[in-house]
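The lines below spell out each chain.
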Amino acid sequence: MDGRINPEGVPREQLTWVLTQAKMVRDAVRIDRCLLCRDPAVNEAGICGVCWTYLTPEEVELATNWSTGVMPE
C-alpha cells in the first residue's frame, strides 16, 4: 500500500500540500468526492466526515481555512 485510503485518493502524506492547492480542493468539492477516500458528501475542504476525524492538527488547520473562507488562490 502506498499511503492511500483508496487507490484513487491522494496519498496521505501529500494531504497537507494538496490542501494548499486551490484547484485540487475545488475539483474535489465540485465532483463531491473526498480527497482521501473518494466517498461523497465532502465539506468545503474536499474532506468527508469520516476522514475529517483522522486529520492531524496541521491538516485540520488547513482544512478549516477552506470552511472559513481563508483559502489559497
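Residues numbered from 1 in each chain as written. Predicted model: local features only at pLDDT ≥ 70, side-chain atom pairs only at ≥ 80, totals over all residues. Heavy atoms only, no water.

Trainee: For the nonpolar core, give the residues involved together with the corresponding values.
Mentor: By size, the foremost hydrophobic cluster in this structure holds 20 residues, and its most contacted members are Leu-15, Leu-19, Cys-34, Leu-35, Leu-36, Ile-47 and Cys-51. Going through the elements one at a time, α1 (15-18), α2 (22-31) and α4 (57-68) are the ones with two or more residues in this core. Not counting the four nearest positions on each side in its chain, Leu-15 is found in contact with Val-10, Leu-35, Leu-36, Ile-47, Leu-55 and Glu-59. (Core = buried A, V, L, I, M, F, W, Y, C linked by side-chain atoms within 4.5 Å. Buried < 20%, exposed > 50% of the residue type's maximum accessible area, 1.4 Å probe, protein only. Helix = DSSP H or I, 4+ residues; strand = E, 2+ residues; numbered from the N terminus. Contact = heavy atoms within 4.5 Å.)

Trainee: Report on α4, specifying residues and quantitative values.
Mentor: Between its first and last C-alpha atoms α4 spans 16 Å; for twelve residues at 1.5 Å apiece the expected length is 16 Å, and the two agree. Among the residues of α4, Glu-59, Leu-62, Ala-63 and Trp-66 are the ones counted as buried. All buried residues of α4 lie within an arc of 95 degrees about the axis, which places them on one face of the element. Exposed and oriented more than 90 degrees from the buried face of α4 are Pro-57, Glu-61 and Thr-68. The inward-facing, buried residues of α4 abut α1, α2 and α3 (49-52). A positive backbone phi angle near 90 degrees is found at Gly-69, which sits one or two residues after α4. (Expected span 1.5 Å × (residues − 1). Arc of directions from axis to C-beta.)

Trainee: Could you give me a rundown of the state of the cysteines, with the residues and numbers involved?
Mentor: By definition, a disulfide links the sulfur atoms of two cysteines through a covalent bond. Considering all chains together, one arrives at zero disulfides under this definition. Cys-34 takes part in no disulfide bond, and the closest cysteine sulfur, belonging to Cys-51, lies 3.8 Å away. For Cys-37, which is in no disulfide, the shortest distance to another cysteine sulfur is to Cys-48 and amounts to 3.6 Å. (Disulfide = S-S within 2.5 Å.)

Trainee: Tell me about the environment of Glu-8, and name the residues and values.
Mentor: Residue position: Glu-8 is located in the segment before α1. A residue is classified by how much of its surface remains accessible, and Glu-8, at 63% relative accessible area, is exposed. When the C-alpha positions of Glu-8 and Leu-35 are compared, they lie 8.7 Å apart, and in sequence the two are 27 residues distant.

Trainee: Any chance you could break down the pattern of salt bridges for me, citing the residues and the numbers?
Mentor: Side-chain pairs of opposite charge can arise whenever the charged atoms involved come near each other. Here the structure, examined in full by the defined rule, presents three salt bridges. Residue Glu-59 is joined to Arg-12 by a salt bridge in which the shortest nitrogen-to-oxygen separation is 2.4 Å. A residue pair is termed long-range when its members are at least 10 positions apart, and Glu-59 in helix α4 and Arg-12 in the segment before α1 qualify at 47 residues. For Glu-59, a relative accessible area of 4% gives the class buried. Of the residues examined, Arg-12 reaches a relative accessible area of 24% and is grouped as partly exposed. We note a salt bridge from Asp-27 to Lys-23, for which the minimum N-O separation is 2.7 Å. One end of the pair is Asp-27 and the other is Lys-23, both in helix α2 and four residues apart, which spans about a single turn. By relative accessible area, Asp-27 is classed as partly exposed at 25%. On the accessibility criterion, Lys-23 (62% relative accessible area) is exposed. What you see here is one network of salt bridges that share partners, running through Lys-23, Asp-27 and Arg-30. (Salt bridge = Lys/Arg side-chain N within 4 Å of Asp/Glu carboxyl O.)

The analysis is restricted to geometry; functional conclusions fall outside its scope.
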